[in-house]
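Descriptive analysis of the structure
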Amino acid sequence: MSCWETRAKTSPSGEPARRERARRAARENGKLLGLDGDPDLNFLLVGGMLTKVRSRSWQKNRFYRLQEDCKTVWHQSHKVFKRKQTFSVDDIDSVRNGRRSEGLNKHTDPGDEDRCFSIVFKGRKKVLDLMASDRDEADQWVKSFEKVLNNMRNLSRQQKSEHWIIDCMRRADKDADNKMNLKELKRFLRHVNIEVDDAYAEELFQKCDRSKSGYLEDSEIETFYELLTQREEIDVIYGNYARTEGQMSVRDLLDFLLNEQRENATASDALALMEKYEMDKTAKRNKRMSKDGFQMYLQHQDCSIFNPAHESVCQDMTQPLNHYYISSSHNTYLTHDQLKGPSSTEGYIRALMKNCRCVELDSWDGANGEPVIYHGYTLTSKILFRDAIRAIKDYAFRTSDYPVILSLENHCSVEQQKLMAHYIISILGDALVTEPLADSPPAAFPSPEELKRKFLIKGKCLNKWSATFNGRDNATSEGTVSEEDEAAEQEDGPKSPQKKSKIRLARELSDVVVYCKSVHFNGFEHARDQLDFNEMSSFKESKAFNLAESACGAFTRHNVDKLSRTYPAGSRTDSSNYNPVPMWNAGCQIVALNFQTPGKEMHINQGRFRANGMCGYVLKPQFQRDAASHFDPNVLSFGPWLRKKSLHVMVISAQQLPKLNVDKQKSIVDPLVRVEVYGVRADNASKETHRIDNNGFNPTWNERFEFHVHVPELAILRLVVEDYDATSANDLIGQYCLPLTCVQNGYRHVPLLNKNGDLISAAGLFVHVMLLDAE
């Protein structure tokens, strides 16, 4: 709900005043975004007519405009029971120029390319396809949206908090008079997710109503805001270190950095923080940090629980490819379930934009000689193979320069295989690796650094590499290979017919497979003695977990010089996921998950690949890369992996948690926090706080937990905030996941992500973390 929707009806005589209030609100919100008077923002505020495209026959003119809160886009609807429609700018994932969505590509003509653009939303909401009157107007819409999006995403946590609170105040101000009576104050408190009794609300109101007018306005509203946003826990921390005339000197701040934050800081570092965060000119001139400056510092990215040193690529990227965990997707083309859900190129785009570096293509014979992609033997829809390759080419390196692996599940006839090879070669062009990087038979994989902006094909191949280099390559136009991987191992899947054990493979398709040749797994000894390094196996979930449980040491050693891919069981028709942690513990590199399905498993995956600049590649620990290593995650013998740590976590407070039931004003969350550790079996643990009733705005726990971690290099920390429910499962409010090696010690703010892994604006946890060597 936006301030536009809640605006009271005005008489014609009151319209000029209403317009002036709207202009003032827009200016204030634009100023918060750093866009005061910006022409691109003003373009959106004025709005304009666009053509909404749903099909060839359904293309309707609709007026779109950004509302005065600078967060909500409104357009008139012709639906009988839904006269007005809005969506939040926060819900936009990206804005794309041209006919880059499936809908625009299908339902518009190539001549309309320059007029088209799409608004892509987070989660599963449908793409909004639009056409402007001409190219300049389309460019203006895209440019303006991107500017607002970028500015919103670059706001500091404190700025997001102010923006959110002010927006809630406006929504509570039903008559839009920039005043707040007692009833509106109570409504505002419910908007910000806090329930107080009438006596306390009245006491708070009377305390701020210095004029005794029965309304809060101007400076009185500022007083109310200051009372509401006061952080007592930060006051205590500041008071412990503000030892110089009530403020922090350079020495005081340095003591805080050294003793609490455990940073290798100097006096110069402390002074630089004062220069960066202190807004009071007198304090800055006296080389002091005020409480406001200290709070601003604590809420900045510098004080996030995630170490900013890991926000860019910081690991050695010159190791062989198989020495890395690789972010990987299963059935990438699906956007919902595995039985009758839609297939879409959007699945590839979204996965790649989330830094996925291995995508899957299940290819089958299609009509008119054109190979298609879909989940075989089901009612899922189909997309053209060539469209998927084009989407992969267009989006592969938008967020990461490191190589993308195309995992082919080939069920096509030889003729359509040849067409597949043609599309792969012609569309991917020079970026496709079609031959080894070395002139002589290599003994190991090239590195991600050597393969930057390159595509690798994983699939069946007619010959062993050794035969190719020794001049014994079979030059026949096609040959027979075993059909395996998911195609032959879905006996636990739905209605799978008996599959043939052999398929015909076209030479053209075989030749694009270089470093990732798919072979059937016949045991670790066979793999060690008989397979070339580039021959790799895929393991269905049950097989992989069985190996990780019964032969984990051998599995781990196998993965030192071979690539392994694991994938979900065919019985997961709802596109649910398995726990990826045991697979990583065994050294598996390509742990494929259903990216389209949010949940704990995807949160953990997102946490694992948050490291190393979110580039999709994370270097495995040395003990998983050393052929002489005897590491077994199930039996922790003495070795370099055993670096025992004590993890101390104090959950202090949370701020501005979102309402889960926005349709019920009086629905307030009862939050609790759970701290989870995932890693080797001995390290898995979970502890939770008590719940706080009826307070999602500023709940405080001050609860301490301790965890004993044996193998910190494999451990992942997950913090979860849930809404307590006595009669059913708790509802997720927010979560955050990161490798333990990326955790910063000290007082830290934790950003919160929703179930889909998207940032919840303004919400967060405040914790104290200390990771120490165990005694």
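See the structure shown above.
Structure report, in brief.

Broken down by element type, the protein chain carries 23 helices and 30 strands. For the protein chain, whose C-alpha radius of gyration is 29 Å, the value lies close to the compact-globule estimate of 28 Å for 775 residues. Taking the principal axes of the C-alpha coordinates as reference, the protein chain spans close to 95 × 70 × 55 Å. Every one of the 775 residues in the protein chain was classed for burial, and the buried ones make up 56%. Put simply, the protein chain shows about 33400 Å² of open surface, and 47% of that area lies on carbon and sulfur atoms. Between the mean site of the 107 positive side-chain charges and the mean site of the 110 negative ones, the protein chain shows a separation of 3 Å.

Here we come to the packing of helix α9 (residues 232–241) against helix α13 (residues 291–298). In contact at an axis separation of 10 Å, α9 and α13 are set at 115° when each is read in the N-to-C sense. Between α9 and α13, the crossing angle belongs to the class labelled roughly perpendicular. Crossing handedness for the pair α9 and α13: right-handed. Between α9 and α13, the residues in contact are Ile234, Asp235, Ile237 and Tyr238 and Lys291, Phe294, Gln295 and Leu298, respectively. In terms of residue class, the contact of α9 with α13 is made up of five nonpolar, one polar and two charged.

For strand β23 (residues 645–655), the buried fraction is high: nine of the eleven residues fall into the buried class. Where β23 lies against strand β30 (residues 759–773), ten bridges are found, and the strand directions are antiparallel. Its bridge partner being in β30, Met650 is matched across the sheet by His768. Bridge count between β23 and strand β26 (residues 700–709): eight bridges; the pairing is antiparallel. Looking across to β26, one finds that Val649 is bridged to Phe705.

This model, assessed by the stated rule, comprises 27 aromatic pairs. Geometrically, the ring pair formed by Tyr324 and Tyr617 is edge-to-face, given 6.2 Å between the ring centres and 80° between the ring planes. Pair noted here: Tyr324 is in strand β10 (residues 324–329) and Tyr617 is in strand β22 (residues 617–619), with a separation of 293 residues, a long-range link. You'll find Tyr324 and Tyr617 in the same group, each marked buried. Among the aromatic residues, those joined into a cluster by ring pairs are Tyr238, Tyr241, Phe256, Tyr277, Phe294, Tyr297, Tyr747 and Phe766. A cation over a ring is seen here: Lys179 above Tyr215, with NZ or CZ 5.6 Å from the ring centre.

On the surface, Asp218, Glu222, Glu226, Asp280 and Asp292 cluster together into a negatively charged patch. Here Asp292 lies in helix α13. On the accessibility criterion, Asp292 (56% relative accessible area) is exposed.

Moving on: the environment of His648. Among the secondary structure elements, His648 is positioned in strand β23. Overall, the relative accessible area of 29% leaves His648 in the partly exposed class. In sequence terms His648 and Leu772 are 124 residues apart; their C-alpha atoms lie 8.1 Å from each other. Here His648 is in contact with Phe705, Glu706, His768, Val769, Met770 and Leu772, once residues within four sequence places are set aside.

Reading the values: the criteria
Residues numbered from 1 in each chain as written. Predicted model: local features only at pLDDT ≥ 70, side-chain atom pairs only at ≥ 80, totals over all residues. Heavy atoms only, no water. Helix = DSSP H or I, 4+ residues; strand = E, 2+ residues; numbered from the N terminus. Rg over C-alpha atoms; globule rule 2.2 N^0.38 Å. Buried < 20%, exposed > 50% of the residue type's maximum accessible area, 1.4 Å probe, protein only. Areas by Shrake-Rupley, 256 points an atom, 1.4 Å probe, with all protein chains shown as cover. Lys, Arg positive; Asp, Glu negative; His and termini not counted. Charge placed at Lys NZ, Arg CZ, Asp CG, Glu CD. Axes fitted to C-alpha atoms, helices over the stretch in contact; angles between N-to-C directions. Parallel < 35°, antiparallel > 145°, perpendicular 65-115°, else oblique. Left-handed = near helix turned anticlockwise from the far one by under 90°. Contact = heavy atoms within 4.5 Å. Nonpolar A, V, L, I, M, F, W, Y, C, P; charged D, E, K, R; others polar. Pairing = 2+ DSSP bridges. Phe/Tyr/Trp six-rings, centres within 6.5 Å; stacked < 30°, edge-to-face > 60°. Lys NZ or Arg CZ within 6 Å of the ring centre and 35° of its normal. Patch = residues over 30% accessible without salt bridge, like charges linked within 9 Å, V, L, I, M, F, W, Y side chains within 5 Å. Salt bridge = Lys/Arg side-chain N within 4 Å of Asp/Glu carboxyl O.

Remember that the coordinates give geometry; whether it matters functionally is a separate question.
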